[in-house]
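# Secondary and tertiary structure notes
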Amino acid sequence: MAAILGLTGMQTFAVTLKGRIMDHDGEALPAALVEVVNEETGRTLGTTTNLDGTFEIKLDPGPYTINVSYMGYEDKSLSVEVRQDKDLGTIRLEVSTIGLQEVMVVSSYARDRQTPVAISNISAEIITERLGTQEFPEILKLTPSVYATKDGGGYGDSRINLRGFDSNNIGVLINGVPVNDMENGRVYWSNWAGLSEVTSNMQVQRGLGASRLAISSVGGTINIITRSTDAQRRGSVTTAVGSDGYQKNSVTLSTGLMDNGWAATFSGSRNVGTRYVEGLDYEGWSYFLNVSKQVSDYHTLSFTAFGAPQHHNQRWPRQLIQTYRDHRDGRRYNPSMGYMNGQLYSASYNFYHKPQISLNHYWSINPETTLSTAIYVSISDGGGRRTFGDNSNWLRYQTGTGLPYEETKLTPDGYLDFDAVIQENGLSETGSKAIIANAVNSHDWYGMLSTLTREVGVFELTGGLDLRYYKGYHMQRIDNLLGGEYFLDVTAGGNSRNINRDPSTLLYEGDIINYHNLGEVRWGGVFTQAEYITDEYSAFLSATLSNTAYRRTDYFDYLDGSPEQVTDWVDFTAWSLKGGANYNITDNHNVFVNGGYFTRAPFFRWAFIGFSNDINVGVRHERVLSAEAGYGYRSRFFSANATLYRTNWLDRALVRSIGPVTANLTGLNALHQGLEIDFISNPLPRLQVKGMFSIGDWQWTDNVIADIYDEEQELIGTHEVYAGDLMVGNSAQTTAGFSIDYDLFPNLKLGLDFTHFDRLFADFDVQFRTVEEEAGIQAWQMPAYQVFDLSARYNFKIADLNASLFGKVDNLFDTEYIADATDGDSFDFDTATVYYGFGRTWSLSFRLRF
């Protein structure tokens with residue numbers, strides 16, 4: 001009995017230590033790392049927080065140091081004596097960057113269970129672990145109703161669709177500043193190819209979203225928040241290698257907040273490789289600089305500059321499926337690839353640099369009122385390679401099929417033969433017949449965005465001003481004469497394409513040819529929002545009013561100095577109204593609704609007839625009517641969201657000319673509606689499972705049949721578009737996926753992602769569905785496909801420095817699938833032209849923090 005009592009006295013009983021990790025605003029921080037170090041034995045135990053930020057860990061009694069870390073927040077340590085079960089309560093972490101909270105306010109960052117919109121958040125940690133060799137938009141492919149592909153596969157040539165809408169109809173903001181092209185609404189991701197290096201958070205707001213600005217958020221808003229200045233002195237270096245020559249090196253250095261109130265952070269990287277598809281060599285750089293000055297307790301200044309200069313070969317055009325099967329390179333085939341003087345040379349090539357520079361002033365006028373003002377500028381330069389000339393078909397493929405012309409010059413291996421063209425041009429007595437030109441699309445963009453926010457009890461009132469001026473330069477410039485002595489820029493009839501230049505003018509590399517025009521855009525907008533916020537209820541109502549003015553200058557088709565060379569300003573006024581409400585039924589359940597209506601000014605090209613300075617009188621605004629209803633569930637180990645949406649896109653631009661008459665037709669409408677579900681679960685302490693499912697019903701709803709009359713009301717023609725009941729193409733109408741993360745050991749995490757895409761209809765331009773016999777025939781439905789990706793992260797120490805290894809394998813099972821397609825004449829497999837998705841690729845990176 002004494003022996004038994006002695007053993008009992010020596011036995012150690014485990015106790016429980018628990019707590020909850022939250023940010024400064026009371027938001028739970030799931031998956032935060034909690035390390036517990038025994039101060040006597042040095043033994044370390046670790047865990048991660050649950051979905052509600054709570055953690056619980058069993059340990060032996062004794063003195064402990066608790067270390068808490070979460071990416072984007074300052075690490076926190078505290079010492080505790082644990083002799084019995086202990087609850088540490090709430091541990092709050094502060095953001096690790098200066099001014100981040102202010103940027104998130106300006107950017108209309110949506111809050112869970114408060115902002116009544118459908119949202120998905122992608123943290124910097126997910127981007128670091130999951131991006132690998134993917135394009136930046138592809139990090140969103142596990143978001144409901146998102147379809148993102150590499151498109152042609154060149155560096156930065158990716159595309160993204162949201163609820164069936166392309167980038168023209170998705171508002172993209174970087175730190176609250178719109179970056180959609182001012183002339184056509186597009187987003188060129190190659191301009192932002194290095195943005196993943198400096199992104200602090202990426203939020204997708206599906207539908208009308210929470211942005212206060214008048215932006216093209218028909219399908220949704222992608223809200224990108226970059227890092228600002230680190231509050232502590234620190235730095236990191238990263239090096240990565242991967243398949244197809246992938247190499248990437250980056251460095252980040254931060255001074256931290258110094259005693260004089262100044263702080264600075266710099267990041268830079270270089271990325272090179274050849275890509276999975278043949279001939280897609282690239283080189284990309286990125287840089288980021290933020291300098292902040294805390295002038296006083298009330299004023300902070302922040303200067304930010306970032307950009308990503310790059311040049312890369314491209315793949316174009318899409319090819320018939322049989323062409324890939326017959327070619328030696330299979331799905332890696334690149335029709336733009338060729339050889340010049342024994343060296344790889346591509347007929348499709350892009351180069352661009354679009355720096356974004358801003359100066360932000362944050363002014364805390366009083367505890368209830370703040371004013372944020374950003375002045376920004378972006379002066380870009382770049383373009384893309386084109387073949388041009390009377391015999392440009394020597395280096396081109398047929399539109400629609402992607403097949404070579406009879407006269408296309410190819411090597412015996414089936415690649416473009418630039419040497420053969422050089423030889424032909426060298427024999428010509430009238431200059432080069434086929435040349436390489438660069439289509440230049442540069443711009444100057446200046447803007448100011450100012451937001452005043454005031455809290456009045458449970459209300460938050462916001463108002464602001466959005467001013468922009470844009471000047472776009474468009475021309476073609478000779479880059480390579482391909483063996484000829486000069487080039488004559490004349491039409492088939494012998495006339496100069498430049499009315500101000502003699503047709504016999506000999507042109508050389510650097511000279512402008514084919515076209516040269518300038519597009520100017522003036523934008524002025526005001527916005528206001530009232531928001532009601534309590535723990536149980538929240539609601540908002542916002543309105544915008546904007547004026548867009550266009551002016552066009554043509555240096556080729558109009559005589560210099562003539563009044564016709566520069567148009568008058570063409571003005572369009574648009575407005576929006578939207579609102580929503582959220583009700584937190586309990587701590588676990590909430591519901592929300594939102595809806596809105598807005599008009600959108602026509603894009604620049606619709607304001608003028610063709611490529612001329614003739615103003616399109618009577619061009620109409622597009623209109624959008626949208627509504628959503630959603631439900632959310634939150635618990636310690638499981639959270640889920642379900643959203644129903646319905647978006648009517650009314651009077652899509654449709655302009656037709658018959659003889660001298662131009663008609664702006666109405667009634668080309670589309671309906672996008674569907675269901676979205678996403679969830680996160682922690683079924684086991686070290687296991688996290690995320691999943692999503694979306695099903696859409698996106699289709700064109702009406703035929704357009706219109707009689708067109710001249711000024712004397714004489715019928716001159718009828719135009720028909722047979723769009724009714726056609727499914728919208730170019731995006732998967734059914735998506736599903738899951739990701740599994742498992743902490744195999746305290747410092748080793750494995751991840752597996754699965755995505756499924758179905759009901760993919762080939763892309764087509766609905767305005768050219770003009771044959772009555774083809775009414776109701778759907779575009780070719782592409783085969784559904786599934787892809788698995790594998791990731792791993794291992795954290796360790798080198799001396800006293802923190803280090804990490806990241807591994808990523810994309811398309812783990814090397815699945816062959818068609819990611820992009822354009823419909824063919826027969827609406828089927830045989831006539832569609834396609835791009836295959838990439839096969840298996842991999843990357844391995846090492847990061848050291850100091």
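Reference entry: report on the structure contained in this document. All residue numbers here refer to positions counted from 1 along the written sequence of the relevant chain. Per-residue local features of the predicted model are confined to residues with pLDDT of at least 70, and side-chain atom pairs are confined, for both listing and counting, to 80 or more; whole-chain, interface and lining totals are unaffected and use all residues. Note that water and hydrogens are dropped before the side-chain values are worked out from all heavy atoms of the structure.

### Here we look at the overall build of the chain
Put simply, DSSP marks the helices as runs of H or I at least four residues long and the strands as runs of E at least two long, and each gets a number from the N terminus on. Assigned secondary structure in the chain consists of six helices and 51 strands. Atoms counted for the radius of gyration: C-alpha only. Globule rule: 2.2 Å times residue count to the power 0.38. In terms of overall dimensions, the chain is globule-like: its C-alpha atoms have a radius of gyration of 29 Å, near the 29 Å expected for 850 residues. Judged by the C-alpha coordinates and their principal axes, the chain covers about 115 × 60 × 60 Å. Working note: accessible area of the chain is about 35800 Å², and carbon and sulfur atoms make up 54% of it. Side chains of the chain give 67 positive and 101 negative charges; the mean places of these two sets differ by 7 Å. With residues, only the protein chains shown are counted as cover, and all accessible areas are computed by Shrake-Rupley using a 1.4 Å probe. In this tally Asp and Glu are treated as negative and Lys and Arg as positive; neither His nor the chain ends contributes. For this purpose, a charge sits on NZ of Lys, CZ of Arg, CG of Asp or CD of Glu.

### Observations regarding the sheet that holds strand β29 (residues 416-417)
When DSSP finds two or more bridges between a pair of strands, those strands are recorded as paired. Here three strands make up an open sheet; going across it, the order is β25-β24-β29 and the pairing mixed. Since the sheet does not close on itself, it has two edges, and those belong to β25 (343-346) and β29, each with one partner. Two strands pair when backbone bridges link them, and strand β24 (residues 337-340) and β25 are joined in this way by four bridges, in the antiparallel orientation. Paired with Tyr339 across the two strands is Leu344, which belongs to β25. When checking whether two residues touch, look at their non-hydrogen atoms; a contact exists if any pair is within 4.5 Å. Under this scheme, a helix contributes an axis fitted over its contacting stretch, all axes are lines through C-alpha atoms, and angles between N-to-C directions fall in the 0 to 180 degree range. Against the sheet, helix α5 (residues 418-427) contacts β24, β25 and β29, and its axis sits at roughly 55° relative to β24.

### Thoughts on the nonpolar core
By convention a nonpolar core is built from buried Ala, Val, Leu, Ile, Met, Phe, Trp, Tyr and Cys residues, the set being connected through side-chain atoms within 4.5 Å. Classification of residues uses two cut-offs on accessible area relative to the type maximum, computed with a 1.4 Å probe and protein chains only: under 20% is buried, over 50% is exposed, and between them is partly exposed. Core analysis: the biggest nonpolar cluster contains 32 residues, and Phe418, Trp780, Tyr785 and Val834 have the highest contact counts within it. Counting only elements with at least two residues in this core, the list comes to α4 (321-326), α5, β45 (748-761), β47 (785-798), β49 (818-822) and β50 (833-836). Here Trp780 is in contact with Ile321, Leu760, Phe761, Ala762, Ile818, Ala821, Asp823, Phe827, Asp828, Phe829, Ala832 and Val834, once residues within four sequence places are set aside. Phe598, Leu668, Leu726 and Ala779 belong to the second-largest nonpolar core, a separate cluster that totals 27 residues.

### Here's the deal with the pairing of strand β19 (residues 262-273)
When you tally the buried positions in β19, you get nine out of twelve residues, the bulk of the element. With eight bridges connecting them, strand β18 (residues 247-254) and β19 associate as antiparallel partners. Note on β19: the bridge partner recorded for Thr252 is Ser267.

### A closer look at the sheet that holds strand β2 (residues 33-38)
Spatially, four strands are ordered β3-β2-β5-β6 in an open sheet, and the strand pairing comes out antiparallel. This sheet does not close on itself; its edge strands, each paired only once, are β3 (44-48) and β6 (76-82). Averaged over all adjacent pairs, the angle separating strand axes in this sheet is 20°, with direction ignored. Bridge analysis of β2 against β3 gives five bridges, and the strand direction is antiparallel. Bridged to Glu35 within β3 is Gly46.

### Quick notes on the pattern of salt bridges
The working definition used for a salt bridge is a side-chain nitrogen of Lys or Arg within 4 Å of a carboxyl oxygen of Asp or Glu. All told, the structure shown has 35 salt bridges when counted by the stated rule. The salt bridge involving Asp112 is made with Arg634; its shortest N-O contact spans 2.7 Å. Residue Asp112 is found in the loop between α2 (100-106) and β9 (118-123), and its partner Arg634 is found in strand β36 (residues 622-634); the two are separated by 522 residues along the sequence. Taking the relative accessible area as the measure of exposure, Asp112 reaches 33% and is therefore partly exposed. Arg634 sits in the buried class, given a relative accessible area of 16%. With its nearest N and O atoms 3.0 Å apart, the salt bridge here joins Arg318 to Asp151.

### A look at the environment of Arg501
Residue placement: Arg501 occurs in the loop between β31 (459-480) and β32 (512-533). Overall, Arg501 belongs to the buried group, its relative accessible area being 18%. Arg501 sits 55 residues away from Phe556 along the chain, and the two C-alpha atoms are 8.5 Å apart. Not counting chain neighbours up to four residues away, the residues in contact with Arg501 comprise Asp489, Ser496, Leu507, Ile512, Ile513 and Phe556.

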